[in-house]
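The chain contents come next:
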Amino acid sequence: MRTEQPKMIYLKDYQVPDYLIDETHLTFELFEDHTLVHAQLVMRRNPDAGAGLPALVLDGQQLELLELKLDDRVLGAADYQLTDSHLTLQPTQEQFVIDSSVRIHPESNTALEGLYKSSGMFCTQCEAEGFRKITYYLDRPDVMSTFTTTLSAEQHRYPVLLSNGNPIASGSEEGGRHWATWEDPFKKPAYLFALVAGDLWCVEDRFTTMSAREVTLRIYVEPENIDKVQHAMDSLKKSMKWDEEVYGREYDLDIFMIVAVNDFNMGAMENKGLNIFNSSCVLAKAETATDAAHQRVEAVVAHEYFHNWSGNRVTCRDWFQLSLKEGFTVFRDAEFSADMNSRTVKRIEDVAYLRTHQFAEDAGPMAHPVRPDSFMEISNFYTLTVYEKGSEVLRMIHTLLGPQLFRKGSDLYFARHDGQAVTCDDFIKAMEDASGVDLTQFKRWYSQAGTPRLEVSESYDAAANTYRLQLRQSCPATPGQAEKLPFVIPLELALLDAQGRELPLQLVGEDKPVGTSRVLQVTQAEQAFTFVNIAEQPLPSLLRGFSAPVKLSFPYSRDQLMFLMQHDSDGFNRWEAGQQLAVQVLQELIGQHQRGELLVLDPRLVAALRSVLENDSLDQAMVAEMLSLPGEGYLTEISDVADVDAIHAAREFARAQLAEALFEPLWARYQANREVSRNTPYVAESAHFARRSLQNIALSYLMLTGKPQVLAAALEQYEACDNMTERLTALAVLVNSPFEAEKAEALKAFAEHFKDNALVMDQWFSVQAACTLPGGLARVQALMQHPAFTMKNPNKVRALIGAFAGQNLVNFHAADGSGYRFLADQVISLNATNPQIASRQLGPLTRWRKYDASRQALMRAELERILASGELSSDVFEVVSKSLA
Ligand code: PHE
Ligand code: ZN
């Protein structure tokens, strides 16, 4: 907890460390009521830090110091200074050894940072600044050391003892205890340290690397989960192969381990050779995990594995550079997923997510650049901007350089900086040096926050056969950044003729056309491109594949959007045209609702979706994506003032109308796909994901008609299916339906059947928390009393409270402020036990500027109440105070 107001930390204040740690030797004695940690640090003066011997300031929090030695001399209280965050002492030589012994209490650590216990096992989470809760250290990523770790524990309770690197010795002690020693030869910062002790089973496999080295792969889980590990293991092997093929990156230790833990603040952690995962990102099998969960496991396993190079072998100099490893690694895992599954569908999902959530962050009080220049609490900067926008920035570099030069750049980056802690500038420099491309202006994507707008207008000159696109870019002010300079925006486009064919693209001044789809570089605030030899008025297909994270506007008519939906050869843009058409139609309905008029759905939306549904040659996953209307979150993000009730009413009206009008084709598609599902055992592969996604979205539309045969179909699917994807969808459509008896029965049966599976119960909580029928808050409050719910488990908090505030917008934004009061109460309670989770739940309240005056006042009042509620963690304090500023 905070004793004084947290201080702002600035990138511009960065200084190299005064001292370095060459070797770290750790011994952990794990007991039920405390743990002893002995650390021996082999240190020296940093030759890059100037002359003299300044005081040595070690980080340390919540540690009980038992003994401290400098070069074997025991230090007395007069020899050092101790505060609640630092230990300071005076070295007398350039090289020295520090020995410390501390006592810590993992058994009562509820913040899940440092060493803690989860379901009876010991585990660690050190990123970003958790290692200082384990021992006194230079807890900063530019201090890189080799580690040797010995851990001892009671043999019976903790048969498995793990740490980073390779196992080098083990043995038993008297009193039923045993020990093991691990050695990690690769220098690493403390945030990559990990330790695990528990009663775990593992699945073991092998991987032969590109240079024919044999690597042992192990995934450790609680014994009852050993049947849910194969998918993660398959994903790991695919990731290792992919990173060799696409990036030339080979694994470096003899063993790679993943451990699943139930209580984890984030998704997973890339500790060297010993990744620790939220069990939700490891465990997957047909009966208990949905298709989305299977894909998430594959993506997260890949992400953490890829960090071995982009993050571990080459790490960050300081935490402002977080996107150096995260943006790059998200880009790498997105490309991996695109290669393993459907590339277009993956892109659609990522863009929809980015535009709904990252754009909202970039427009709110916590907006910050991909490389922030200040923070109070680094845990608050594991954001959508650093991760997802950071990945978009990498994608733009890939687009600008092309795949070959990008690969040359990444090879140079890894070769040049292996074993170092570096900056985003170093990454860009490697890309520039390898490609010869000047990225000076491009780097503004790292330093300027906010989502750029790109307004495009056209003019066609029939006499001259020229077509001109006029572009204007701008970027709204964000906290601390009033004015922005123009970005480099890669704009991929094509021009379509009246038959939908792509025209050859020749700019004024070029002697011949350069392809039919190309990337233009928009670099100025206002700029025009003129194409020659354009014999008819074309229709532009702009920002193909979402080639830049911007808000594009072009005055498309609804008929033009329908044309693009049918004819654009870029799959992403076909989907995008459908979304834009739906946005126009929904915004019209929102206006009608606000004016108290009768709602009337534009029949063109029905016609457009009918032709999608009736097109058998379209990938079924694409059909499903095109049938999905823009979400309430996205409609909120693109509104100036979001009218929660009108948005919900308009979207539900459109869905119900579509369901009635398209009943026949939806029912045909549903039945055909359900028939295949009924006769095909579950397979976690792309074509099967596609079939089930169309089946399930069809069912969710059909259910809106309330027809008895649809209810019967939902019940049949619920009861007879062999997998969680179909079961959970059937449950969700029942929960959102008016069939009270069937709903209650299904919820009860589900909970009885899955009550011992925490991850499945999370889904059960979420489905109910997201149900937009009236009375949402009361249902959530009742569920908090359910025996399977606990505020101590972050997955449960996210499943119930997070899903309510983040997905159930009509109920959360109830006009009486009850949703806001509820969320503030939960944040105040979590602040005392788990500040990181508390702070993350605040997101929806920070967006208060989006709403009407009355809701704004209610939301602000709750933020004020949190601020006045007592001792706030730096995590919660930073978000609340910035939101109110
Ligand atoms: N570095 C982790 C990842 O992105 C995320 C993480 C951050 C996990 C902080 C725990 C704590 O893969
Ligand atoms: Zn990561």
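Being a predicted model, the structure only gives us computed values, none of them experimental.

Reading the values: rules and limits
- Residues numbered from 1 in each chain as written.
- Chains lettered and ligands numbered in written order.
- Predicted model: local features only at pLDDT ≥ 70, side-chain atom pairs only at ≥ 80, totals over all residues.
- Heavy atoms only, no water.
- Near = heavy atom within 4 Å.
- Polar contact = N/O pair within 3.5 Å; in protein donor to acceptor, adjacent residues only side chain to side chain.
- Areas by Shrake-Rupley, 256 points an atom, 1.4 Å probe, with all protein chains shown as cover.
- Nonpolar A, V, L, I, M, F, W, Y, C, P; charged D, E, K, R; others polar.
- pLDDT = per-residue confidence, 0-100.
- UniProt positions renumbered as here; feature names shortened; annotations may be inferred.
- Helix = DSSP H or I, 4+ residues; strand = E, 2+ residues; numbered from the N terminus.
- Salt bridge = Lys/Arg side-chain N within 4 Å of Asp/Glu carboxyl O.
- Buried < 20%, exposed > 50% of the residue type's maximum accessible area, 1.4 Å probe, protein only.
- Donors = N, O, S within 2.8 Å, 3.2 Å for Na, K, Ca; no water.
- Tetrahedral: all angles 85-135°; square planar, octahedral: opposite > 155°, others 65-115°.
- 1 Å grid on protein atoms, 1.4 Å probe; cavity = no way out; pocket = protein on both sides within 12 Å on 5 of 7 lines; lining within 4 Å.
- Points joined across faces, edges and corners; volume = space filled by probe spheres on them.
- Domains from an automatic or database assignment.
- Pairing = 2+ DSSP bridges.
- Axes fitted to C-alpha atoms, helices over the stretch in contact; angles between N-to-C directions.
- Contact = heavy atoms within 4.5 Å.
- Buried area = accessible area lost by both parts, 1.4 Å probe.

**As for the site of ligand 1**
Here comes step 1: Taken together, 13 residues lie around ligand 1, and Glu127, Glu270, Glu304, Glu326 and Tyr387 are the ones closest in.
Here comes step 2: Here a nitrogen atom of ligand 1 and a side-chain polar atom of Glu270 are 2.7 Å apart.
Here comes step 3: Between Glu326 and ligand 1, the recorded distance is 3.1 Å, taken from a side-chain N or O atom to an oxygen atom.
Here comes step 4: Protein chains bury 95% of the 320 Å² of accessible surface belonging to ligand 1 in isolation.
Here comes step 5: Here the residues of the shell around ligand 1 sort into five nonpolar, three polar and five charged.

**A short note on the confidence of the model for the protein chain**
Here comes step 1: With 100% of its residues at a pLDDT of at least 70, the protein chain reaches an overall mean of 98.
Here comes step 2: Taken over the whole predicted complex, pTM reads 0.99, whereas the ipTM for its chain interfaces reads 0.99.

**Notes on the UniProt feature "domain: Peptidase M1 alanyl aminopeptidase Ig-like fold" (unreviewed entry) in the protein chain**
Here comes step 1: Taking the UniProt record as the reference, the feature "domain: Peptidase M1 alanyl aminopeptidase Ig-like fold" (unreviewed entry) is found at residues 450-553.
Here comes step 2: Annotated as residues 450-553, this span is 0% helix and 42% strand, and its ends, taken at the C-alpha atoms, are 17 Å apart.

**Side note on the pattern of salt bridges**
Here comes step 1: Across all of its chains, the model carries 71 salt bridges by this definition.
Here comes step 2: A salt bridge links Lys325 to Glu127; its shortest N-O distance comes to 2.7 Å. Highlighted residues: Lys325 in helix α3 (residues 322-340) and Glu127 in the loop between β11 (121-125) and β12 (145-154), separated in sequence by 198 residues.
Here comes step 3: On the accessibility criterion, Lys325 (1% relative accessible area) is buried.
Here comes step 4: The closest approach of N and O atoms between Asp497 and Arg501, which form a salt bridge, is 3.0 Å.
Here comes step 5: Residue class for Asp497 comes out buried when judged on its relative accessible area of 5%.
Here comes step 6: Salt bridges sharing partners connect three or more residues here, namely Arg558, Asp559, Glu588, Asp602 and Arg604.

**Re the coordination of the zinc ion (ligand 2)**
Here comes step 1: Those protein atoms acting as donors to the zinc ion (ligand 2) are His303 (NE2), His307 (NE2), Glu326 (OE) and Glu326 (OE), and they sit at 1.9 to 2.8 Å.
Here comes step 2: Taken together, the six donor atoms coordinating the zinc ion (ligand 2) and their angles of 48 to 162° define a geometry best described as irregular.
Here comes step 3: In primary-sequence terms, the residues that donate to the zinc ion (ligand 2) follow H-x3-H-x18-E. You can see His307 sitting in the loop between α2 (291-306) and β22 (315-316) and its partner Glu326 sitting in helix α3, a full 19 residues away along the chain. As far as the burial class goes, His307 and Glu326 line up, both buried.

**So, the UniProt feature "domain: Peptidase M1 membrane alanine aminopeptidase" (unreviewed entry) in the protein chain**
Here comes step 1: Within this numbering scheme, the UniProt entry marks residues 232-445 as carrying the feature "domain: Peptidase M1 membrane alanine aminopeptidase" (unreviewed entry).
Here comes step 2: Each end of residues 232-445 is marked by a C-alpha atom, and these two atoms are 34 Å apart; helix forms 56% of the span and strand 9%.

**Some remarks on empty space enclosed by the protein**
Here comes step 1: Summed over the entire model, instances satisfying the criterion amount to two cavities of 30 Å³ or more.
Here comes step 2: What lines the largest cavity is Ser541, Leu542, Leu552, Tyr556, Leu561, Leu564, Asp568, Asn573, Glu576, Ala577 and Gln580.
Here comes step 3: With four residues, helix α9 (residues 571-594) is the largest single contributor of residues to the lining of the largest cavity.
Here comes step 4: Per-class residue counts for the lining of the largest cavity are six nonpolar, three polar and two charged.
Here comes step 5: Residue-level mapping places the lining of the largest cavity at the junction of two domains, with at least three residues from each of domain 2 (313-553) and domain 3 (554-716 + 723-729).
Here comes step 6: Within this model, the second largest cavity holds a volume of roughly 40 Å³.

**Focus on the sheet that holds strand β8 (residues 86-89)**
Strand pairing in a sheet is mediated by backbone hydrogen bonds. Such pairs are either parallel or antiparallel.
Here comes step 1: In spatial order, the strands read β4-β8-β7; together these three strands make up an open sheet with antiparallel pairing. Of all the strands in the sheet, the pair left with one neighbour each is β4 (56-59) and β7 (80-82). On average, adjacent strands in this sheet sit at an angle of 15° to one another, irrespective of strand direction.
Here comes step 2: Pairing of β7 with β8, which is carried by three bridges, proceeds in the antiparallel orientation. By the bridge assignment for β8, Gln81 is matched with Thr88.

**A closer look at the domain arrangement of the protein chain**
Here comes step 1: According to the domain assignment, the protein chain contains domain 1 (9-199), domain 2 (313-553), domain 3 (554-716 + 723-729) and domain 4 (755-884).
Here comes step 2: Centre-to-centre, using C-alpha coordinates, domain 1 lies 35 Å away from domain 4.
Here comes step 3: Contact with domain 1, which involves four residues of that partner, is made by five residues of domain 4.
Here comes step 4: Interface area, domain 1 with domain 4, both sides summed: about 380 Å², of which 48% is carbon and sulfur.
Here comes step 5: At the junction of domain 1 and domain 4, the tally comes to zero salt bridges.
Here comes step 6: Its residues placed into classes, the side of domain 1 that touches domain 4 shows two nonpolar, one polar and one charged.

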